[in-house]
Amino acid sequence: MTRIRTDNLGEAKAFVLHRPHPSMQPLLRQLHVIGLDVHEAWPELPAEAVMADFVFYDADMAHEEQFPWKPGASPMPLIALIGSEAPGRLRWAMTMGAHAQLLKPVSDKGVYAALLVARSNFDRTNEAAAHITDLEARLSARQTIVQAVMIFVLRGKSQAEAYELLRQTAMAWRVSIEEAAQRLVANHSSEKVSDDSKRVDLP
Amino acid sequence: MKRNIEIGLLHSLSGDYVALAMVARAGILRGVAEVNADPTLDVGFSVVERDPEGRLDRYAPLCRDMLQNAGVRHIFGCITSSSRKEVIPELERFHGALWYSTPYEGFEANEHVAYMHSCPNQHLLPLVEFAMPRFGTGVCLVGSNYIWGWEIAQIAREKISAMGGQVLSDRYLPIGDTGLAQILTEIQSLQPDFIINSLIGESSYSFLAQLAKMRAEAGNAEMLPVLSCNFTEGEISAAGAGADGMYAAGPFFEASADGHGSIAEMSRLAVHELAGYLNANPGAEMLPLTDLIALVAKQGRALRLDSENQHASQPVVIAQLRAGKFEEILRLPALAADPYWTRRDRSSLPLPNLRVVS
């Protein structure tokens, strides 16, 4: 579910990575009015910017060496300040991982919306990434379980007996089924390498 | 000798919210008359008026006409947020300023607008802080189905849950609709400790009347207290006896029963505010609003407007409608506007120190 949080914007720290320019005044003013602690930076984002709650960056003249993190891996919501709508610049702005955008010249309109939208997209991206990592882990665990069951089947158990054995093993070791399967498979492959390796102590 | 400055007046003389517009207009005209009669001011105003007739599409062209053809820089007008949003691009294009004196939902701070009434940290939040300890924590929200109703409900929901309360229901009714049966049945069964009413016009009057009937039938005049941030003196006669007992928050309540209320008063004060800025500053009427405010602030004059967000600092008054007249219950000193609700800790009220007048 997409949530818009309006809390905690007061005193939030924002960095604006843009060369000093009069067209930035309305953005800086509006961020002050909204209640943010605003810092201008150019040409480099200082290391302390990793602690910022928001970073605005110039999509026209900035380049990735100015950022203390890898493209797409910002630890906070990013907002692109777009002047040129040329596809190459836009692609770069997206590669950096913009969570929202503002068109230059920036007026007071759209700044608050960009903050909330960027944070919402940032939260959602992180939640999705965590979810994917979890699913990948479970997906690869399923393969391991099948392999572990096969080990028992190869030793003459039926499939149902093999599953039951795996379950009992996990219980005896006080670990999850996935973890037990992983250990069984690891031991089995080392057995194949040397015959006198330590055997799995089956219950 | 006074120098004469033409100012614009942009209020609808007909349409859905004509009652509020007429009240605001009367306040502006009174302010103009007072400024013109004041010998200590070196400025006088004459009024250029346009009537949008309550039609949203007419606001922008009429605003542009005044700025472009009538030589006006400062316009007093607009009741609804949607009409304000309509004129802002014209103000930006032609360097105009809008003096807006209606309570609104916040989340805006345009350099071309002087927000002379109040926003939620000056009406809704103190009202919830007043009501929760007094009435209880279960709340029903009812509002008209447009931005005011939605945003008031959104802010109320956040505030109520932050204070440990619970929103029992949250219902909206199309503007002008009086089909309230379902909402009232729900309220009857939920029995909330209080109700926040953001309905406007006829919907609101009908809602208040039917709640009054429910109280009479139950023989309990104290049950289902109603709170509102948009009910003003101008509506007392239209709402009738059903509105009695309701609580309202605002920067000002009229002491006399026939008064116009806060929208008229803030409109009147807006005219005085501009006159004060322009007095002894020849030519200053041509400055953009931000520069004018900066100039006056530098001269050390007293400003109602915050020079950063251009919202007026306002006292918070909570009043109860008793026998057709608002009686002040509680008054807090002038509070700076926080249109984006980002100074939450600082804006929360020191409850134990409240002075209660009843």
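Residues numbered from 1 in each chain as written. Chains lettered and ligands numbered in written order. Predicted model: local features only at pLDDT ≥ 70, side-chain atom pairs only at ≥ 80, totals over all residues.

## Quick word on the overall build of chain A
Reasoning step 1: Within chain A one finds five helices and five strands.
Reasoning step 2: In sequence order, the secondary structure elements of chain A are arranged as β-α-β-β-β-α-β-α-α-α.
Reasoning step 3: Radius of gyration (C-alpha) of chain A: 26 Å, far over the 17 Å computed for a compact globule of 203 residues.
Reasoning step 4: Seen through its C-alpha atoms, chain A measures out along the principal axes to roughly 80 × 35 × 30 Å.
Reasoning step 5: Taken over 203 residues, chain A has a buried fraction of 28%.
Reasoning step 6: Expressed as a percentage of contacts within chain A between residues at least 6 apart in sequence, the contacts between residues at least 24 apart total 52%. (Helix = DSSP H or I, 4+ residues; strand = E, 2+ residues; numbered from the N terminus. Rg over C-alpha atoms; globule rule 2.2 N^0.38 Å. Buried ≥ 20, exposed ≤ 12 C-beta atoms within 10 Å, placed from the backbone. Contact = placed C-beta atoms within 7 Å.)

## Brief notes about the sheet that holds strand E4 (residues 97-100) of chain B
Residue and element names in this part refer to chain B.
Reasoning step 1: The strand order E2-E1-E3-E4-E5 describes an open sheet built from five strands, whose pairing is parallel. The open sheet has two edge strands with one neighbour each: strand E2 (43-50) and strand E5 (113-115). Recorded for the sheet is a direction-independent mean angle of 30 degrees between the axes of neighbouring strands.
Reasoning step 2: Sheet contacts for helix H1 (residues 18-37): strand E1 (3-10), E2 and strand E3 (74-77); angle to E2, the most-contacted strand, approximately 155 degrees. (Pairing = 2+ DSSP bridges. Axes fitted to C-alpha atoms, helices over the stretch in contact; angles between N-to-C directions.)

## Focus: the domain arrangement of chain A
Reasoning step 1: For chain A, the assigned domains are domain 1 (13-130) and domain 2 (135-193).
Reasoning step 2: The gap between the C-alpha centroids of domain 1 of chain A and domain 2 of chain A is 48 Å. (Domains from an automatic or database assignment.)

## What about the domain arrangement of chain B?
All names here are of chain B.
Reasoning step 1: Domain assignment breaks chain B into domain 1 (3-117 + 259-298) and domain 2 (121-256 + 314-353).
Reasoning step 2: Distance from the C-alpha centre of domain 1 to the C-alpha centre of domain 2: 28 Å.
Reasoning step 3: At the interface, 20 residues of domain 1 touch 24 residues of domain 2.
Reasoning step 4: Broken down by secondary-structure element, the contributors of at least two residues to the side of domain 1 that touches domain 2 are H1 and helix H9 (262-278).

## Thoughts on the environment of Leu 13 of chain B
Residue and element names in this part refer to chain B.
Reasoning step 1: With respect to the secondary-structure elements, Leu 13 resides in the loop between E1 and H1.
Reasoning step 2: You can call Leu 13 partly exposed: it has 14 C-beta atoms within 10 Å.
Reasoning step 3: Leave out the neighbours within four places in its chain, and Leu 13 touches Val 18, Asp 51 and Glu 53.

## Here's the deal with the nonpolar core
Reasoning step 1: The biggest cluster of nonpolar side chains holds 91 residues, and the ones touching the most others in it are Val 55, Tyr 57 and Ile 79 of chain A.
Reasoning step 2: The dominant element in this core, judged by the number of residues it contributes, is helix H4 (residues 124-135) of chain B, at seven residues.
Reasoning step 3: Among all residues touching Val 55 of chain A, those that are not within four sequence positions of it are Phe 15, Leu 17, Ala 49, Ser 74, Met 76 and Leu 78 of chain A.
Reasoning step 4: In this structure, Phe 45, Tyr 115, Cys 119 and Ala 337 of chain B belong to the second largest nonpolar core, which totals 53 residues. (Core = buried A, V, L, I, M, F, W, Y, C linked by C-beta atoms within 7 Å.)

## Structural notes on the pairing of strand E2 (residues 37-41) of chain A
Residues in a regular strand project their side chains so that they alternate between the two faces of the sheet.
Residues and elements named next belong to chain A.
Reasoning step 1: Where strand E1 (residues 13-17) lies against E2, five bridges are found, and the strand directions are parallel. Looking across to E2, one finds that Ala 14 is bridged to Val 38.
Reasoning step 2: In this view, the connection linking E1 to its parallel neighbour E2 by way of helix H1 (residues 25-34) has right-handed handedness. (Right-handed = clockwise from strand over helix to strand, strands pointing away.)

## Considerations on the pairing of strand E11 (residues 314-322) of chain B
All names here are of chain B.
Reasoning step 1: In this sheet, E11 lies alongside strand E10 (residues 247-250) in antiparallel orientation, the contact comprising four bridges. Paired with Gly 250 across the bridge in E11 is Val 317.
Reasoning step 2: Strand direction decides the pairing type here: E11 and strand E12 (residues 325-335), joined by eight bridges, are antiparallel. Bridge assignment links Val 317 to a residue of E12, and that residue is Arg 331.
Reasoning step 3: In this antiparallel pair of consecutive strands, E11 and E12, the connection spans two residues, and Ala 323 shows a positive phi of 50 degrees.

## Regarding the sheet that holds E11 of chain B
As a general point, the strands of a sheet are linked pairwise by backbone hydrogen bonds and lie either parallel or antiparallel.
All names here are of chain B.
Reasoning step 1: Spatial ordering of the open sheet is given by E7-E6-E8-E9-E10-E11-E12, a layout of seven strands whose pairing is mixed. Among the strands making up the open sheet, the edge pair consists of strand E7 (166-173) and E12. Averaged over all adjacent pairs, the angle separating strand axes in this sheet is 20 degrees, with direction ignored.
Reasoning step 2: Here helix H5 (residues 147-162) sits on the sheet and contacts strand E6 (138-144), E7 and strand E8 (194-198); the angle it forms with E6, its principal contact strand, is near 165 degrees.
Reasoning step 3: The strands touched by helix H6 (residues 181-190) are E6, E7 and E8; relative to E7, the strand with the most contacts, the crossing angle is about 170 degrees.

## Points about the packing of H4 of chain B against H5 of chain B
Residues and elements named next belong to chain B.
Reasoning step 1: Where H4 contacts H5, the axes come no closer than 10 Å and their chain directions differ by 40 degrees. Relative to H5, H4 is oriented oblique. Relative to H5, H4 is oriented so that their crossing is right-handed. Only Ile 152, Ile 155, Ala 156, Lys 159 and Ile 160 of H5 make contact with H4, whose side of the interface consists of Leu 124, Leu 125 and Val 128.
Reasoning step 2: Grouping the amino acids of the contact of H4 with H5 by side-chain chemistry returns seven nonpolar, no polar and one charged. (Parallel < 35°, antiparallel > 145°, perpendicular 65-115°, else oblique. Left-handed = near helix turned anticlockwise from the far one by under 90°. Nonpolar A, V, L, I, M, F, W, Y, C, P; charged D, E, K, R; others polar.)

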